[in-house]
Amino acid sequence: MLQVKASTGLVALMGCPVEHSLSPLMQNAAFAATGLDLVYLAFAVTPSGLPAALAGLKALGFRGANVTVPHKEAIIKYLDAIDPAAARIGAVNTIVNDGRLTGYNTDASGFLRSLQEAGFDPAGKKAVILGAGGAARAVAFALAGAGCTGLTIANRTLERAGHLAAALAGLSVLVKACALEEEELRPRVEEADLVVNATSAGMATMEGAVPLPAAWLHAGQWVYDLVYNPLETRFLRDARQRGCRAISGLGMLLYQGAAAFTLWTGKPAPVEVMGEALRKAIQDSHAAK
């Protein structure tokens, strides 16, 4: 049982919204399993409140933080330092406070590890990424670094998709940007080996929404939805019915969290404990419906 004492160290989650997040359950289970006197708390932080929230992290001596939507890109300018990999990606999801706030990106490694464990090797493959925010940036750089030869970045606003495509220039991958609603996206989805949903479509607050028509998918493709709650989104359910290999975002959540745990504590993460906490939380939420 979690016990908070005067000596207990603090780790935060900052985003808006945060009510749906399972990170507090996962990280607090990890702290308890390893006997660390730390507690992980979620804070709803609006974009206008982000500078003050970061000043508070430092002033109150928080060990660190996770950063989620919509702050992963905007937060960079407020940090004291940034890890080179996170700087290349242009997005931060983990902060370490040692008197200076340093930003890291564990989303990219978490995504790639979960994808490879599922059995997909990006080398020589083509992928479509739906969305162009902080999570999409991590996915794009992870796939490019793993040898993906063709990437299509599709977003509601073409300009933002273009910015991400431009950031990938110089890497050994052909990149195309297009608008999410455009018909030109369909043939790119049809020829892709992997389709990744990095939009908010399908989250608990948008349950039932899909980022593109299921008719564009076909048997043999891999479909990855970064949404993890619900565990099976309508997008993944439609993909399975079309004969696709479907992967939820639970693995990415787990492995990015494990990497963040190590950054904050210097200790190996208890991955099995963290995974079990996530699975139980999702089972309990389904049972409550």
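Residues numbered from 1 in each chain as written. Predicted model: local features only at pLDDT ≥ 70, side-chain atom pairs only at ≥ 80, totals over all residues. Heavy atoms only, no water.

**Student:** What is the right way to read the sheet that holds strand β8 (residues 150–155) from this model?
**Tutor:** Strands pair in a sheet through their backbones, by hydrogen bonds, and they do so in one of two ways: parallel or antiparallel. As summarised here, the arrangement of the six strands in space is β9-β8-β7-β10-β11-β12, forming an open sheet in which the pairing is parallel. A strand with exactly one partner marks an edge of an open sheet, and here the two such strands are β9 (174–179) and β12 (245–247). This sheet shows a mean twist of 15° between the axes of neighbouring strands, independent of strand direction. Here strand β7 (residues 126–130) runs beside β8; their pairing, made up of five bridges, is parallel. Across the sheet, residue K126 finds its bridge partner in β8, namely G150. Across the face of the sheet, helix α4 (residues 107–118) comes into contact with β10 (194–197), β11 (222–225) and β12 while running at roughly 145° to β11. (Pairing = 2+ DSSP bridges. Helix = DSSP H or I, 4+ residues; strand = E, 2+ residues; numbered from the N terminus. Axes fitted to C-alpha atoms, helices over the stretch in contact; angles between N-to-C directions. Contact = heavy atoms within 4.5 Å.)

**Student:** Whenever I open this one, the pairing of β9 confuses me. Can you help?
**Tutor:** Put simply, side chains in a regular strand alternate between the two faces of the sheet. The sheet contact formed by β8 and β9 spans six bridges and is parallel. Residue pairing across strands places N155 opposite A179, the latter belonging to β9.

**Student:** Mind showing me how you'd approach helix α9 (residues 250–265) here?
**Tutor:** Since the α-helix turns once every 3.6 residues, residues separated by three or four places project in the same direction. When the terminal C-alpha atoms of α9 are compared, their 22 Å separation across 16 residues agrees well with the 22 Å that a helix rising 1.5 Å per residue should span. Most of α9 is tucked away, with 12 of its 16 residues classed as buried. Among all positions of α9, only L250, M252, L253, L254, Y255, Q256, G257, A258, A260, F261, W264 and T265 are buried. G266 occupies a position one or two residues after α9 and carries a positive phi of about 75°. (Expected span 1.5 Å × (residues − 1). Buried < 20%, exposed > 50% of the residue type's maximum accessible area, 1.4 Å probe, protein only.)

**Student:** Looking at this model, I keep getting lost on the layout of surface pockets. Mind explaining?
**Tutor:** Take a probe with the size of a water molecule and roll it over the atoms, and the empty space left behind shows itself. Its volume calculated, the second largest pocket comes out at about 190 Å³. Lining the second largest pocket, in full, are E117, L231, S248, L250, G251, L254, Y255, G275, L278 and R279. Taken together, the elements giving at least two residues each to the lining of the second largest pocket come down to α9 and α10 (271–287). Ranked by the residues each element gives to the lining of the second largest pocket, the list is headed by α9, at four residues. Residue composition of the lining of the second largest pocket, grouped by class: five nonpolar, three polar and two charged. (1 Å grid on protein atoms, 1.4 Å probe; cavity = no way out; pocket = protein on both sides within 12 Å on 5 of 7 lines; lining within 4 Å. Points joined across faces, edges and corners; volume = space filled by probe spheres on them. Nonpolar A, V, L, I, M, F, W, Y, C, P; charged D, E, K, R; others polar.)

**Student:** How do you make sense of the pattern of salt bridges when you look at a structure like this?
**Tutor:** Two side chains bearing opposite charge may form a pair once their charged atoms approach each other closely. Considering all chains together, one arrives at nine salt bridges under this definition. A salt bridge links R186 to E190; the nearest nitrogen and oxygen atoms lie 2.9 Å apart. Taken together, the residues span about one helical turn, with R186 and E190 both in helix α7 (residues 185–191) at a distance of four residues. On the basis of relative accessibility, which here comes to 28%, the residue R186 falls in the partly exposed class. (Salt bridge = Lys/Arg side-chain N within 4 Å of Asp/Glu carboxyl O.)

**Student:** Mind showing me how you'd approach the packing of aromatic side chains here?
**Tutor:** In this description, an aromatic ring pair is defined by two values, namely the gap between the centres and the angle between the planes. All told, the structure shown has five aromatic pairs when counted by the stated rule. Directly above the aromatic system of F120 lies the positively charged group of K125, at a separation of 5.5 Å from the ring centroid. (Phe/Tyr/Trp six-rings, centres within 6.5 Å; stacked < 30°, edge-to-face > 60°. Lys NZ or Arg CZ within 6 Å of the ring centre and 35° of its normal.)

**Student:** So what exactly am I meant to see when it comes to helix α8 (residues 234–241) here?
**Tutor:** Among the residues making up α8, those that are buried are F235, L236, D238 and A239. Seen along its axis, α8 keeps its buried residues to an arc of 160°; they face one direction. On its buried face, α8 sits against β7, β10, β11 and β12. (Arc of directions from axis to C-beta.)

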